[in-house]
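Inside the fold
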There are 2 protein chains.
Amino acid sequence: MPKEKFTSIYEALKDNIIQKKYQETNMLPSELSLVEEFHCSRNTIRRAIAQLNSEGYVQSIKGKGVVVLEMNNAAPFNLSISNFSGLNIITKNKDVSAATSVLSFERLMIDETLSQKTGFKTGSEVYHLHRLRYINNEPLILDINYFLCDVVKDLTVEIAQKSIYHYIQHDLGLKIPSSRRMIRVEKATQEDMDVLALKDYNCVGVIISNTFIEDGRMFEYTESRHTPDNFTFVEFAQNQK
Amino acid sequence: MPKEKFTSIYEALKDNIIQKKYQETNMLPSELSLVEEFHCSRNTIRRAIAQLNSEGYVQSIKGKGVVVLEMNNAAPFNLSISNFSGLNIITKNKDVSAATSVLSFERLMIDETLSQKTGFKTGSEVYHLHRLRYINNEPLILDINYFLCDVVKDLTVEIAQKSIYHYIQHDLGLKIPSSRRMIRVEKATQEDMDVLALKDYNCVGVIISNTFIEDGRMFEYTESRHTPDNFTFVEFAQNQK
DNA sequence: TGGTATTTGTCCGTATGTATC
DNA sequence: GGATACATACGGACAAATACC
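Residues numbered from 1 in each chain as written. Chains lettered and ligands numbered in written order. Predicted model: local features only at pLDDT ≥ 70, side-chain atom pairs only at ≥ 80, totals over all residues. Heavy atoms only, no water.

**With respect to the overall build of chain A**
As a reminder of what qualifies: A run of H or I in DSSP counts as a helix once it spans at least four residues, and a run of E counts as a strand once it spans at least two, with each numbered from the N terminus. Think of it in three bands: residues with accessible area under 20% of the maximum for their type are buried, residues over 50% are exposed, and the middle band is partly exposed, with areas taken using a 1.4 Å probe on protein chains only. Contacts between residues were defined by any pair of non-hydrogen atoms, one from each residue, lying within 4.5 Å. Using the Shrake-Rupley algorithm and a 1.4 Å probe, accessible areas are obtained, with residue cover drawn only from the displayed protein chains.
Helix and strand content of chain A: 8 helices and 9 strands. Taken over 241 residues, chain A has a buried fraction of 49%. Long-range pairs, those at least 24 residues apart, make up 57% of the contacts in chain A between residues at least 6 apart in sequence. Of the accessible surface of chain A, which amounts to about 12,100 Å², a share of 49% is contributed by carbon and sulfur atoms.

**Considering helix α1 (residues 5-18) of chain B**
Residue and element names in this part refer to chain B. Inclusion rule: A helix is expected to span 1.5 Å multiplied by its residue count minus one.
Compared with an ideal rise of 1.5 Å per residue, which puts 14 residues at 20 Å, α1 spans 20 Å between its outermost C-alpha atoms and is within 8% of the ideal. Of the positions making up α1, those classed as buried are F6, T7, I9, Y10, L13, K14, N16 and I17. On the buried face of α1, the contacting elements are α2 (31-38), α3 (42-54), β1 (58-61) and β2 (65-68). Immediately beyond the C-terminal end of α1, within one or two residues, lies K20, with a positive phi of roughly 55°.

**As for the protein's contact with DNA strand D**
The cut-off we apply is this: It suffices for a single heavy atom of a residue to lie within 4 Å of a molecule or strand for the residue to be listed as near it. Throughout this description, a polar contact denotes any pair of N or O atoms lying within 3.5 Å of each other; where both atoms belong to protein, one of them has to be capable of donating a hydrogen while the other can accept it, and for residues adjacent in sequence the pair is counted only when both atoms sit in side chains. Residues are grouped as follows: Ala, Val, Leu, Ile, Met, Phe, Trp, Tyr, Cys and Pro are nonpolar; Asp, Glu, Lys and Arg are charged; every other residue, Gly included, is polar.
Around DNA strand D, the surrounding shell holds 24 residues, and the nearest of these are K5, N43 and T44 of chain A together with R42 and R46 of chain B. Here a phosphate oxygen of DNA strand D and a side-chain polar atom of T44 of chain A are 2.5 Å apart. Within the contact set of DNA strand D, a phosphate oxygen lies 2.6 Å away from a side-chain nitrogen or oxygen of R46 of chain B. Those elements giving two or more residues to the surface near DNA strand D turn out to be α1 (5-18) and α3 (42-54) of chain A together with α3, β1 and β2 of chain B. With 4 residues, α3 of chain A is the single largest residue contributor to the surface near DNA strand D. By residue class, the composition of the surface near DNA strand D is 4 nonpolar, 8 polar and 12 charged.

**Looking at the protein's contact with DNA strand C**
In the region of DNA strand C, 24 residues are neighbours, and E31, R42 and R46 of chain A together with K5 and T44 of chain B sit closest. Taking the atoms of DNA strand C that fall within 4 Å of the protein, sugar and phosphate contribute 66% of them. A distance of 2.4 Å separates a phosphate oxygen of DNA strand C from a polar backbone atom of K5 of chain B. With respect to DNA strand C, the side chain of N43 of chain B contributes an N or O atom lying 3.0 Å from a base nitrogen. Secondary structure elements with two or more residues in the surface near DNA strand C: α3, β1 (58-61) and β2 (65-68) of chain A together with α1 and α3 of chain B. By residue number, the principal contributor to the surface near DNA strand C is α3 of chain B, which donates 4 residues. Classifying every residue of the surface near DNA strand C by side-chain character gives 4 nonpolar, 8 polar and 12 charged.

**Side note on the side chain of T100 of chain A**
As for its position among the elements, T100 of chain A is in strand β3 (residues 98-109). Among all residues touching T100 of chain A, those that are not within four sequence positions of it are R131, L132, R133, A160 and Q161 of chain A.

**Let's talk about the pairing of β1 of chain B**
All names here are of chain B. Applied cut-off: Two strands qualify as a pair provided DSSP detects at least 2 bridges between them.
Note: β1 against β2, 4 bridges, orientation antiparallel. Its bridge partner lying in β2, Q59 is registered against V67. In this structure, the hairpin formed by β1 and β2 is closed by a connection of 3 residues, where G63 is found at a positive phi of approximately 85°.

**So, unusual backbone geometry**
You will see that H39 of chain A, though not glycine, has its phi angle at about 55°, which is positive. Along the chain, the position of H39 of chain A falls in the loop between α2 (31-38) and α3.

**Comments concerning the packing of α1 of chain A against α3 of chain A**
Residue and element names in this part refer to chain A. Basically, it comes down to this: Here an axis means a line fitted to C-alpha atoms, over the contact stretch when the element is a helix, while the angle between two N-to-C directions is reported on a 0 to 180 degree scale. With respect to orientation, any angle under 35 degrees is reported as roughly parallel, any angle over 145 as roughly antiparallel, any angle of 65 to 115 as roughly perpendicular, and every other angle as oblique. Crossings are sorted by hand: turned counterclockwise from the far helix by less than a right angle, the near helix makes the crossing left-handed, and turned clockwise it makes it right-handed.
Packing of α1 against α3 brings their axes to within 8 Å, and their N-to-C directions diverge by 50°. The angle between α1 and α3 places the two elements in the oblique class. α3 is crossed by α1, and the crossing has right-handed handedness. Residues K5, F6, I9, Y10, L13, K14 and I17 of α1 form the contact with α3, whose own contacting residues are T44, I45, R47, A48, I49, Q51 and L52. For the contact of α1 with α3, the per-class residue count stands at 9 nonpolar, 2 polar and 3 charged.

**A word on the pattern of salt bridges**
So the rule is basically this: Salt bridges, as used here, are contacts in which a Lys or Arg side-chain nitrogen is within 4 Å of a carboxyl oxygen on Asp or Glu.
Inspection of every chain in the model, using the stated rule, returns 28 salt bridges over all chains. Between R46 of chain B and E31 of chain B there is a salt bridge whose closest N-O contact spans 2.9 Å. With R46 of chain B in helix α3 and E31 of chain B in helix α2, the pair connects residues that are 15 residues apart, well separated along the chain. For R46 of chain B, a relative accessible area of 43% puts it in the partly exposed group. Here E31 of chain B falls in the buried class, since its relative accessible area comes to 17%. Through salt bridges with shared partners, a single network forms among K117, R184, E186, D192, E223 and R225 of chain A.

**Remarks on the confidence of the model for chain A**
Residue and element names in this part refer to chain A. Condition: Values of pLDDT, which run from 0 to 100, indicate the predictor's confidence residue by residue.
Taken over all residues, the pLDDT of chain A has a mean of 84, while the share at 70 or more is 85%. Ranking the elements of chain A by mean pLDDT puts helix α4 (residues 88-93) last, at 46, and helix α8 (residues 190-195) first, at 97. Here residues 74-92 scores under 50 on pLDDT; set against residues more than four positions off or in separate chains, the count is 40 contacts.

**Overview of the nonpolar core**
Test applied: We call a set of buried Ala, Val, Leu, Ile, Met, Phe, Trp, Tyr and Cys residues a nonpolar core when their side-chain atoms join them within 4.5 Å.
Core analysis: the biggest nonpolar cluster contains 82 residues, and F147 and L155 of chain A together with F147 and L155 of chain B have the highest contact counts within it. Those residues in contact with L155 of chain B that lie beyond four places of it in its chain are F105, Y127, L129, F147, I164 and Y167 of chain B.

Next up, the structure:
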């Protein structure tokens, strides 16, 4: 893994921020002095700072400098359950157990109403499955997936029980560059109440994601239905202009 | 408003995407041909494309090109209620009415438990207010604000009823570059049930936001509690590596 | 008040690396 | 292997906002 220059600079700066090494001034050194420190061009420094900006560690102000934001120690970042590809991320980092049970598995054709809901073209063939995710032996997430058969060929229950993304990326050799997400709160369905540890909540947090492959086609529509307790989502917004 | 070059190129490309002018190949012209078309440097083209990338219109693939993603017509973008600074955005664009009523207004000092919750330092003085937001005459959002008195001086009920952000930006002349946000689902409190049009939901969608001013200090902690019906949040994620 | 230096923002041109076809 | 296309990096020029004297 050869690391790019701007990435290593980004990481060095981030470490300094977290360890509060810029606390006297509350500002980063100027771009020009960072150029000297890291022996690189100003553009490279600017890329590293742009990354810090987009993740909420700092904010740049024209004519003034780059200000370090408060509370970088608390770091709500990366705590986000359900980050990119499902929950595989949290199983790596923390000492939590995760398991998956496949509730249903079928192959079907998209009709008009399903096309409306999922965005797949009418007539497309998809795998449709319901999977229950256990975290520390508690059923906390119900995943409802639709995968385009043209892309995800020969899906089986065995694969669905492990990691579909692993199958797609390693066995099929496909790249998954990006996905759109929508976050909503919905009334719990009968199925939600039957399978999830909902306590007395009558709602679930829902993440609807559309995932794309290299040629621009959407190949996955997923509703990830979470019990409220374990549903937290972090983002950072920058004001335009 | 002098528009930057990369912004106008970004807008031109976005228009073409929405109007499906790249549909034959499903790809953008190569960066070099866009350089000729727009008479600019390759860096400028790359900035425009990076913007499209981050908003989920396209995805770049090394060695291949820039792929247009499906469903840009549906454009879930910008539908997001509670975008940057509260709900002023939706009141502009759509033909909906919005009103605010101030339920409570006080000045208080942050104690240990409030510091834990909000992130303000113990001993800070803040304005604490509850405001109910009506959309089309329905009480749909309960905003619970904490503003640092050192920054937002002389806040009044009259100002809170209009737009606090307008007051901060225009009257106080402060810039608000960025904010962190957390999205959660919580059990409805007694106050939620009393004031919001919750129907039979017993949960609310909560957006917790920390907003910063130029010097890096957090000056606002807000819980924006939404009825589930009007709570939708859109984001776009890109796979790292 | 005004002028100058500093600092970030935008833009340009070029070279090299790397993945795809 | 060669052509094409995106990715990274360098260096330089000027503008705009800010800070300082």
